[in-house]
Amino acid sequence: MSTVNRVLLGLLGLVLVVPGGSVLAVGLGAPAPSWWIHHGRDDVLLGTAERTRWRDSGWWWPTVIAVLAVLLLLALWWLAAVLRRRRLSEILVDTGDGEGAQLRGRALEDALEAEAGGLDGVSRAHVHLTGRRTAPKARVRLLLEPDADPGAVLRGLTDQALAHARESAGLASLPAKVRLRGVKHGAERVS
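Here the residue numbering is sequential within each chain, running from 1 through the sequence in written order. In view of the model being predicted, local features appear only for residues whose pLDDT reaches at least 70, and side-chain atom pairs are presented and counted only at 80 or more, with totals across whole chains, interfaces and linings using the full set of residues. Side-chain calculation: all heavy atoms of the structure are included, whereas hydrogens and water are not.

Caption draft 1: Up close: the sheet that holds strand E4 (residues 136–144). For two strands to be treated as a pair, DSSP must find at least two bridges joining them. Secondary structure follows DSSP: runs of H or I at least 4 residues long count as helices, runs of E at least 2 residues long count as strands, and numbering of each begins at the N terminus. The three strands lie next to each other as E3-E4-E5, forming an open sheet whose pairing is mixed. With one partner strand each, in any of the chains shown, strand E3 (122–131) and strand E5 (176–182) form the two edges of the open sheet. For this sheet the average axis-to-axis angle between neighbouring strands, irrespective of direction, equals 15 degrees. Pairing of E4 with E5 involves seven bridges; the strand directions are parallel. Bridging across to E5, Leu 144 finds its partner in Gly 182. Should any heavy atoms of two residues lie within 4.5 Å, those residues are counted as being in contact. Note on definitions: angles span 0 to 180 degrees between N-to-C directions of axes, and those axes are lines fitted to C-alpha atoms, for helices only across the stretch in contact. Docked against the sheet, helix H4 (residues 105–117) engages E3 and E4, running at close to 155 degrees with respect to E3.

Here you go:
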């Protein structure tokens, strides 16, 4: 969704900056091209003839209202997509009695972070749960210490932290996307 956001924001910015900048430039005295809608500093955006041209046409106002309604719906969809919570708030745990229980997503994230952060070679861990409440997915970011073995850290995360989280929540699987990054450190001085 972040790519769609960036593209839409870029297009919206371009649509607003290009005409706005050119109107500002013409208003400040820059020469306007012959095809441009404004021809001088005192020219108005919509003249009387342009404002009243289609006033008596039967199709004009329904078309304007329909276009504005579509633009409003697109803007509301975009706002809802941006504001929608990406974090999984709860996980449905099968208790075996047909009822089930709810586990707070943040509690499982905290437990995973604590266990992953305690692995040898891990400086810091961050866990984010996404997906559906019956099929969660984990996004794990690990900050590795300079002397850490990434393969050993990944095995430890898979065999310990993720396995414990999967078993404690009663999940059949807990797919995870793991990002490993090394701690930035200065060069060591050799004498």
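The structure having been displayed, the exposition proceeds.
Caption draft 2: Molecular detail of the side chain of Glu 113. With respect to the helices and strands, Glu 113 occurs in helix H4. Here the term buried applies to any residue with accessible area under 20% of the maximum for its type, exposed to any over 50%, and partly exposed to those in between, with areas from a 1.4 Å probe on protein chains only. The charge count treats Lys and Arg as positive and Asp and Glu as negative. His and the chain ends do not count. We count a salt bridge whenever a side-chain nitrogen from Lys or Arg sits within 4 Å of a carboxyl oxygen from Asp or Glu. Buried Glu 113, no salt bridge; nearest opposite-charge side chain is Arg 106, N-O distance 4.3 Å. With residues up to four places along the chain from it excluded, the contact list for Glu 113 reads Arg 106, Ala 125, His 126 and Val 127.

Caption draft 3: Region of interest: the environment of Arg 155. Looking at the element boundaries, Arg 155 is found in helix H5 (residues 150–169). Judged by its relative accessible area of 51%, Arg 155 is exposed. Contact partners of Arg 155, with chain neighbours within four places excluded, come to Asp 149 and Gln 160.

Caption draft 4: Summary view of the pattern of salt bridges. Counted by the stated rule, this structure contains three salt bridges. Here Glu 90 ties to Arg 133 by a salt bridge, and the two come within 2.4 Å at their closest N and O atoms. Of this pair, Glu 90 sits in strand E1 (residues 90–93) while Arg 133 sits in the loop between E3 and E4; the two residues are 43 residues apart in sequence, bridging distant segments of the chain. Residue class for Glu 90 comes out partly exposed when judged on its relative accessible area of 24%. Residue Arg 106 is joined to Asp 110 by a salt bridge in which the shortest nitrogen-to-oxygen separation is 3.4 Å. Taken together, the residues Arg 106 and Asp 110, both in helix H4 and four residues apart, mark about one turn of the helix. Judged by its relative accessible area of 35%, Asp 110 is partly exposed. Via salt bridges that share partners, Arg 106, Glu 109 and Asp 110 belong to a single interconnected network.

Caption draft 5: Region of interest: a nonpolar patch on the surface. Two joining distances apply to patches: 9 Å for like charges and 5 Å for nonpolar side chains (Val, Leu, Ile, Met, Phe, Trp, Tyr), and every residue must have over 30% relative accessible area and no salt bridge. Under the convention used here, a 1.4 Å probe and the Shrake-Rupley method define accessible areas, while residue burial counts only the protein chains that appear. Residues Val 4, Val 7, Leu 8, Leu 11, Val 67, Leu 68, Val 70, Leu 71, Leu 74 and Trp 77 make up a contiguous nonpolar surface patch of about 910 Å² in total accessible area. For the nonpolar patch, the elements supplying multiple residues, two or more each, are helix H1 (2–27) and helix H3 (60–83). The element contributing the most residues to the nonpolar patch is H3, with six residues.

Caption draft 6: Spatial organisation of the nonpolar core. Residues belong to a common nonpolar core when they are buried Ala, Val, Leu, Ile, Met, Phe, Trp, Tyr or Cys residues joined through side-chain atoms within 4.5 Å. Leu 112, Val 122, Leu 142 and Leu 157 are the most contacted members of the largest nonpolar core, which has 23 residues in total. At six residues, H5 tops the list of elements feeding residues into this core. What Leu 142 contacts, discounting residues up to four positions off in sequence, is Ala 116, Val 122, Arg 124, Ala 125, Val 153, Leu 157, Val 178, Arg 179, Leu 180 and Arg 181.

So, to be careful, I would describe these as geometric facts and stop short of saying anything about function.
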